[in-house]
Amino acid sequence: MPGSQQCILFQPLAKASSVKLGDVGTVYTDSEGNKYRYCKAGSAALAAGKIGVAPTATANHINKAPAADVAVGSKRVSITVGATVVTEDQYMGGFLAVNDGTGEGTFYRVLGNSSCDASGTTVVILEDPVRVALTAAGSEVSLVPSPYNGVVESADEENVPVGVPLCAVAAGYYYWAQISGVHPAVLVTGTPAVGSILTLGSTAGSVTTASTTIATTVTQPIVGTMFATAGVTTEYKPVDLAIY
């Protein structure tokens, strides 16, 4: 599974690539123990020092019937989606989950998928063969994106943080996002004090002080702590990242 073990650095940390040079989701640890996640940008460019978040599920790609029965041992599943297009390899590294009916509770990692128009049929290629047969009449499946394929910037504090790019990243490019250790220049909203626990900020790509109200804090993902110097709104300051 990508990211489950230490890897050799197959792409420079501070350089984006139009070509995939390793498995999306892989984690690299440098000599100081800082960690980085290999990611792919979504349909918009990402800026250096701005935290990225995972893509959300597409409603029209959830809870759909297979276009045809799928036998045990097959690695190909055709799915007719709702009124939202599917782009090529949009679900690479993600999952096909059987959410209801025949085969419910099983899931499969996706190696890739074909593109299709809105209300069209995508062919999904699985890493492992189907273990429980699926039926067009009795199974319901969902396409679940990889957190690391299609990363975006967002001002929604409840999104799932992925990491901070070390360089500017063009749309659709592959890059390393720092997930732990001190990043010296992360965009800040507000004026967090040194040691403040941080969450996603109200400005897309920024971090800010987490709420001190427990009912609010539990809904906010923690991304790290303010390091060495206090934050200054709209400036880039050191953050000790702690993103899993």
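Above: the structure in question.
Residues numbered from 1 in each chain as written. Predicted model: local features only at pLDDT ≥ 70, side-chain atom pairs only at ≥ 80, totals over all residues. Heavy atoms only, no water.

Chemist: Would you mind going over the sheet that holds strand 5 (residues 95–101) with me for this structure?
Modeler: Two orientations exist for strands paired in a sheet by backbone hydrogen bonds: parallel and antiparallel. Strand order in the open sheet formed by five strands is 4-7-6-5-8, and the pairing between neighbours is antiparallel. This sheet does not close on itself; its edge strands, each paired only once, are strand 4 (76–80) and strand 8 (139–144). Pairwise comparison of adjacent strand axes, ignoring direction, gives a mean angle of 45° for this sheet. Across six bridges, the pairing between strand 5 and strand 8 is antiparallel. (Pairing = 2+ DSSP bridges. Helix = DSSP H or I, 4+ residues; strand = E, 2+ residues; numbered from the N terminus. Axes fitted to C-alpha atoms, helices over the stretch in contact; angles between N-to-C directions.)

Chemist: In this structure, what is going on with the pairing of strand 4? I would like to understand it.
Modeler: Residues in a regular strand point their side chains to alternate faces of the sheet. Side-chain alternation along strand 4 places Val 77 and Ile 79 on a buried face and Arg 76, Ser 78 and Thr 80 on a face that remains uncovered. Here strand 4 pairs with strand 7 (residues 121–126) via five bridges, running antiparallel. Across the sheet, the residue bridging to Arg 76 is Ile 125, located in strand 7. (Buried < 20%, exposed > 50% of the residue type's maximum accessible area, 1.4 Å probe, protein only.)

Chemist: For this particular structure, what's the right way to read the side chain of His 61?
Modeler: For His 61, the position within the fold is in the loop between strand 3 (52–53) and strand 4. A distance of 3.0 Å separates a polar atom in the side chain of His 61 from the backbone oxygen of Thr 84. Those residues within four positions of His 61 in sequence are excluded, and the remaining contacts are Val 81, Thr 84, Val 85, Val 86, Gln 90, Tyr 91, Ser 142 and Leu 143. (Polar contact = N/O pair within 3.5 Å; in protein donor to acceptor, adjacent residues only side chain to side chain. Contact = heavy atoms within 4.5 Å.)

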